[in-house]
Amino acid sequence: LPLCVIGPRIFGPRALKVGYQLRVEQAGLTNTIHENLGAQQIVKAFSLKQSVLANFEGQAGNVAGLATRFNFLSYISERSPNIGMLLFNILLISGGSYLAYNGQLSIGSLVSFNALFITVSTSVMGLTAVTPSLLQATGGMQRVRELLDEVPSVVEKPDARPLPVLSSGITFENVTFGYTSEQSNLVNVNMELPKGSRIAFVGHSGCGKSTNLNLIMRFYDPQEGRVLFDGIDLREAQVDSLYHQMGIVFQESFLFNTSVRENIRLGKSGATDAEVEAAAKAAELHDIIMQMPEGYDTIVGERGGRLSGGQRQRVAIARALVRNPSLIILDEATSALDPSTEAAINETLERVSVGRTVIAVTHRLKSVVKYDHIFVFQEGCIAEELTRRCGDARAEQCYRRRAIYASRMSTSCAMCHCSKT
């Protein structure tokens, strides 16, 4: 039995280490394949075929090399006990024959001992036959265990309380946040987002607009300060109770490979066909759907690849509206639409936003000049806040001009002249 243990003790840990490396390389290769399949337009437009193939061949070569080494080590671990048993069998027969020849051992005892040894060795060989499979499974389980042991950045507390329907507003109190410890995307942000208002975040790319939405949706928690929902810190609230009253339209509209009807229904589980169609009409999508070959049962393809960019955006808007949310969040919701369709969608959003709170990130001037509050961000800070005051024609005209200047602050750090006069 010690001869059966020596081989696995020597080669087993090496096989485990190489098996884990093999799983890591296989994951990287799978990620490369998935990434390149989704980036065919970029690959073709920039003539990246050769570099993509070279990168894939390099990764595939690494996988092949590790697979060869792993198979060699795992089967050595399997065969070494068998070799030990066979060597001992040779010693047994040789020594037993010598003892039997000298009359120190009967032939019957030798045959009986050999039969017993063969029975034991067969069992040992049967056990060692599963060694390669166990080593391969162990490498995969190490990868799974790493994933299961990951600590999420946002954790719901055991005593988290449900959020009531938004009644007063959302407040940022001295909020500082950064996706990495080296850089802060928001610095000491303080703002009030009243219920029933239409609020816009504008500014140049990377100034922190979408980061505010991520904090409101609690995809992240602030490193300093608090985000309050009717005075309740979102870190103390149940996440599902927050999402249930939100309708969200992201900049990139992800659709599942199912029908148009089911993609809209994802916004509200159990929504009736009438509710789905009403949401599609509100998003100016119903007429387009009716012109499709199978109407609402038309399959949109993987990630919505069978629809145009504008159609995918409309489906996403309908998906947000079908849940009848009290809070609508728009992250460049009309960025993929042509001007006429954008104007129609904005009119629709203006109509359906009555009595609701709308928070939007946008670069489009037409999408913000009618909003009640505009926050201009620059380098993670609020550079200016514009607030509509109805009933005064001069104030309204001034507000619109300031909104125009605010939308241009993505390329200038100076305050608009209108605010100085």
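Cut-offs and rules
- Residues numbered from 1 in each chain as written.
- Predicted model: local features only at pLDDT ≥ 70, side-chain atom pairs only at ≥ 80, totals over all residues.
- Heavy atoms only, no water.
- Helix = DSSP H or I, 4+ residues; strand = E, 2+ residues; numbered from the N terminus.
- Rg over C-alpha atoms; globule rule 2.2 N^0.38 Å.
- Buried < 20%, exposed > 50% of the residue type's maximum accessible area, 1.4 Å probe, protein only.
- Contact = heavy atoms within 4.5 Å.
- Areas by Shrake-Rupley, 256 points an atom, 1.4 Å probe, with all protein chains shown as cover.
- Core = buried A, V, L, I, M, F, W, Y, C linked by side-chain atoms within 4.5 Å.
- Expected span 1.5 Å × (residues − 1).
- Polar contact = N/O pair within 3.5 Å; in protein donor to acceptor, adjacent residues only side chain to side chain.
- Pairing = 2+ DSSP bridges.
- Axes fitted to C-alpha atoms, helices over the stretch in contact; angles between N-to-C directions.

Student: I keep staring at the overall build of the protein and nothing clicks. Help me out?
Tutor: Within the protein, the secondary structure is distributed over 13 helices and ten strands. Taking 22 Å as the expected radius of gyration for a compact globule of 421 residues, we find that the protein reaches 33 Å, considerably beyond that expectation. If one aligns the C-alpha atoms of the protein with their principal axes, the spans along those axes are about 125 × 50 × 45 Å. For the protein, the proportion of its 421 residues judged to be buried stands at 41%. Across the protein, the fraction of contacts at a sequence separation of at least 24, relative to all contacts at a separation of at least 6, is 72%. Entry remark: accessible area of the protein is about 23400 Å², with carbon and sulfur atoms responsible for 56%.

Student: Can you walk me through the nonpolar core in this structure?
Tutor: Residues Ile264, Leu330 and Ile374 are the most contacted members of the largest nonpolar core, which totals 39 residues. A total of six residues in this core trace back to one element, the largest contributor, which is helix H11 (residues 309-321). Contact partners of isoleucine 264, with chain neighbours within four places excluded, come to Val276, Ala279, Ala280, Leu285, Ile289, Val315, Ala318, Arg319 and Val322.

Student: What is the right way to look at helix H5 (residues 131-148) in this model?
Tutor: The α-helix winds at 3.6 residues per turn, so residues separated by three or four positions along the chain end up facing the same way. Its 18 residues place the ends of H5 25 Å apart at the C-alpha level, agreeing with the 26 Å of an ideal helix rising 1.5 Å per residue. Here H5 has its buried residues at Thr131, Pro132, Leu135, Gly139 and Gly140.

Student: I would appreciate a short explanation of the side chain of aspartate 233 in the present structure.
Tutor: Inspection of the secondary structure assignment puts aspartate 233 in strand S5 (residues 232-233). Take aspartate 233: its relative accessible area is 11%, and that puts it in the buried class. Only 3.0 Å separates the side chain of aspartate 233 from the backbone nitrogen of arginine 235, close enough to count as a polar contact. Among residues more than four places away in sequence, those in contact with aspartate 233 are Arg226, Val227 and Leu228.

Student: What am I meant to see in the sheet that holds strand S6 (residues 246-249) here?
Tutor: Sheet strands line up and pair through hydrogen bonds in the backbone, either parallel or antiparallel. Strand order in the open sheet formed by six strands is S6-S7-S8-S3-S9-S10, with mixed pairing between adjacent strands. Edge strands, defined here as strands with exactly one partner in the open sheet, are S6 and strand S10 (381-387). Across the sheet, the axes of successive neighbouring strands diverge by a mean angle of 15°, strand direction being ignored. In terms of strand pairing, strand S7 (residues 327-331) meets strand S8 (residues 357-361) through five bridges, oriented parallel. Note on S8: the bridge partner recorded for isoleucine 328 is valine 358. On top of the sheet, H11 reaches S6 and S7; it is set at about 175° to S6, its chief contact.

Student: What should I look at first to understand the sheet that holds S5 in this one?
Tutor: Read across the open sheet, the four strands follow the order S2-S1-S4-S5; overall the sheet is antiparallel. For this open sheet the edge positions go to strand S2 (186-194) and S5, each flanked by a neighbour on one side alone. Bridge count for strand S4 (residues 224-229) against S5 is two bridges, and the pairing is antiparallel. Note on S5: the bridge partner recorded for leucine 228 is aspartate 233. Docked against the sheet, helix H6 (residues 209-216) engages strand S1 (169-177), S2 and S4, running at close to 115° with respect to S1.

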